[in-house]
Amino acid sequence: MRKVIGIGEIILDIIFKDNLPYAAVPGGSVFNGMVSLSRMGLPVTFLGELGDDRVGKIIMDFLHANNMSTEHIFKLSEKKTPVSLAFLNDSNNADYIFYTSHSISKATSSFPVINQDDILILASYYALNPLIRERIVELLEYAKSRKAIIYYDPNFRKSHASEAIRVRPSVIENYEFADIVRGSDEDFLNLYGNTDPESVYKNEVQYYCRRFISTHGSEGVNLFTESIRMHFDTFPIIPVSTIGAGDNFNAGIIYGLLKYNIGYHDLATIPEETWRKIIRCGIDFSTEVCQSYSNYLSPEFVYRYKTVSKCNLN
């Protein structure tokens, strides 16, 4: 069975509402989506690091409870597990403060086996950080050589906007490796000062990667490929929290690629109707997560989606 491999930071998200702590949940840009995919019954492998501390133990227990392998989770005694503070505003969008550190340990040199048509996802500043950039490139080269589908989400936060010019060569290199690039209007505002999806695709992405998905919250989703330009409306909801919305949109797209049996050699010829179904999975996953303080799909949603709606994998 095809599997999903993800690499990224693991963080404990402490969520504040009206300046008071409301919840604390394990998180991380790629991590959130991988939890949802595991709950959907997919084989997932996550590569990351935790501190050998109390917060790290909480997250390890969470991984075990969600049937996620910890084989490639490295516990480092010299590192504290990262924490983020997420402050929800009146629209329930989050502003973040991150307390993180990145190790230069070579522990992550042990990569899992990647086969053709597996899917590798990477995202956020973790995929750009100079301290670990060499390992990221090694993983990308390995996945590319194995003809895995590489999915890249810049997820470029405002906190790193001052570094946009410096990291742009690494962003471009990630585009070159990627088979699909997905980003939000906020990402591209922070990277390029531009939120127009067609302009971003034409001037920043198209030369390196031909499949581009841009998300714009309540304004919908745009898809650009070699031959397709499509817009998709999102569902009108009043969100409880938008934390994890983009992460789970990514998970939904990956789920759709697997559900509709899209392999590495099929990417260039996906028809519009199949793209419509794949994007719908992304919107479904994202919409669900926006309606709770959780960073991932609820067991109730998983049951409905797989059993009641008959949307399980073929």
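Everything below is about the structure shown above.
Residues numbered from 1 in each chain as written. Predicted model: local features only at pLDDT ≥ 70, side-chain atom pairs only at ≥ 80, totals over all residues. Heavy atoms only, no water.

Colleague: Mind showing me how you'd approach the pairing of strand β11 (residues 212–215) here?
Modeller: The two faces of the sheet receive side chains in turn, since in a regular strand these alternate between them. Alternating positions in β11 separate into two faces, F212 and S214 on one and I213 and T215 on the other, with burial throughout. Examined bridge by bridge, strand β10 (residues 180–184) and β11 share 4 bridges and lie parallel to one another. What sits directly across from S184, in β11, is T215. Pairing of β11 with strand β12 (residues 221–224), which is carried by 4 bridges, proceeds in the antiparallel orientation. Bridge assignment links I213 to a residue of β12, and that residue is L223. Turn length for the β11-β12 hairpin, with the two strands adjacent in sequence and antiparallel, is 5 residues, and the turn residue G217 shows positive phi of about 60°. (Buried < 20%, exposed > 50% of the residue type's maximum accessible area, 1.4 Å probe, protein only. Helix = DSSP H or I, 4+ residues; strand = E, 2+ residues; numbered from the N terminus. Pairing = 2+ DSSP bridges.)

Colleague: Teacher, can you tell me more about the packing of helix α4 (residues 164–177) against helix α5 (residues 185–192) here?
Modeller: Two quantities define a packed helix pair, namely the angle between the helix axes and the distance between the axes. Here α4 crosses α5 at 125°, and the two axes come no closer than 10 Å. Here α5 runs oblique to α4, going by the angle between their axes. Contact with α4, carried on its side by A164, R168, V171 and Y175, involves F188, N190, L191 and Y192 of α5 and no other residues of that element. Class assignment for the residues of the contact of α4 with α5 results in 6 nonpolar, 1 polar and 1 charged. (Axes fitted to C-alpha atoms, helices over the stretch in contact; angles between N-to-C directions. Parallel < 35°, antiparallel > 145°, perpendicular 65-115°, else oblique. Contact = heavy atoms within 4.5 Å. Nonpolar A, V, L, I, M, F, W, Y, C, P; charged D, E, K, R; others polar.)

Colleague: Looking at this structure, how should I read the packing of aromatic side chains?
Modeller: By convention here, two paired aromatic rings are described through the distance between centres and the angle between planes. Counted according to the given criterion, the structure contains 18 aromatic pairs. Geometrically, the ring pair formed by Y201 and F212 is stacked, given 5.8 Å between the ring centres and 10° between the ring planes. Here Y201 is found in helix α6 (residues 197–205), whereas its partner F212 is found in strand β11, with 11 residues between them in sequence. Just as Y201 is buried, F212 falls in that class too. Here the aromatic cluster, defined as three or more aromatic residues joined through ring pairs, consists of F188, Y192, Y201, F212 and F224. (Phe/Tyr/Trp six-rings, centres within 6.5 Å; stacked < 30°, edge-to-face > 60°.)

Colleague: Before we go on, may I ask you to explain helix α1 (residues 29–39) in this structure?
Modeller: The periodicity of an α-helix, 3.6 residues per turn, causes residues three or four places apart in sequence to face the same way. Burial runs high along α1: 10 of the 11 residues are buried. If you check which residues of α1 are buried, you get S29, V30, F31, N32, G33, M34, V35, S36, L37 and S38. Following α1 by one or two positions, G41 adopts a phi angle in the positive range, close to 95°.

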